[in-house]
Amino acid sequence: MTEEELHRALDPFYTTKKRKRVGLGLPMLNRTAQQCGGSLEMQSRPGSGTRVKAIFMLNHIDCPPLGDINETLRVIVAGNSGVDFDIKYIADGEVEYFSTRKEQAVVAEIPLRKPIMPARQA
């Protein structure tokens, strides 16, 4: 992102996407992190990528339930073609990593961007 895009990224009515009216949900992520005592940090260099770091205080009374993180990531990845995600998740001292580039290399014949539809019941 350019410097201007980085500053505007937390505006809920701003997106750089031409065909969509919504972005990645950064304003909602920021608000949710702040409401539970956390924060959001963003760094970006055009052509190199953008780093978003969200910190949540999981023991804060206003922290919403995390829900199904795997399903959330699946929807975000499938809905954002052309965007590579490298995610580091830390909770209770445990660290998990997820990278769309690495996952795509493992399952080369199955596109991560195409949602898999469940089989129809007869």
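Shown above is the structure to which this text applies.
A few points on the structure.

What counts, and where the lines are drawn
- Residues numbered from 1 in each chain as written.
- Predicted model: local features only at pLDDT ≥ 70, side-chain atom pairs only at ≥ 80, totals over all residues.
- Heavy atoms only, no water.
- Helix = DSSP H or I, 4+ residues; strand = E, 2+ residues; numbered from the N terminus.
- Buried < 20%, exposed > 50% of the residue type's maximum accessible area, 1.4 Å probe, protein only.
- Contact = heavy atoms within 4.5 Å.
- Polar contact = N/O pair within 3.5 Å; in protein donor to acceptor, adjacent residues only side chain to side chain.
- Salt bridge = Lys/Arg side-chain N within 4 Å of Asp/Glu carboxyl O.

### Remarks on the overall build of the chain
Scanning the chain from terminus to terminus reveals four helices and four strands. Starting at the N terminus, the α and β elements of the chain follow one another as α-α-β-β-α-β-β-α. Looking at the 122 residues of the chain, the share that counts as buried comes to 17%. A separation threshold of at least 6 residues defines the contact pool for the chain, and within that pool the share at least 24 residues apart is 34%.

### Looking at the side chain of Thr-32
Assignment of secondary structure puts Thr-32 in helix α2 (residues 26-35). A distance of 2.8 Å separates a polar side-chain atom of Thr-32 from the backbone oxygen of Met-28. Contact partners of Thr-32, with chain neighbours within four places excluded, come to Phe-56 and Pro-64.

### Quick notes on the side chain of Asn-30
Here Asn-30 lies in helix α2. Given a relative accessible area of 13%, Asn-30 falls into the buried group. Sequence-distant contacts of Asn-30, that is, excluding residues within four places in its chain, are made with Leu-10 and Leu-40.

### Digging into the pattern of salt bridges
Applying the stated criterion across every chain, the model contains four salt bridges. Between Arg-74 and Glu-71 there is a salt bridge, with the nearest N and O atoms lying 2.7 Å from each other. On the criterion of helical spacing, the pair formed by Arg-74 and Glu-71 is a turn pair, its members being three residues apart in helix α3 (residues 69-78). Residue classification places Arg-74 among the partly exposed residues on the basis of a relative accessible area of 38%. Using a relative accessible area of 33% as the deciding quantity, one classes Glu-71 as partly exposed. Among the salt bridges present, the one from Asp-86 reaches Arg-101, with a minimum N-O distance of 2.9 Å. You can see Asp-86 sitting in strand β3 (residues 86-91) and its partner Arg-101 sitting in helix α4 (residues 100-106), a full 15 residues away along the chain. Residues participating in the shared-partner salt-bridge network are Asp-84, Asp-86 and Arg-101.

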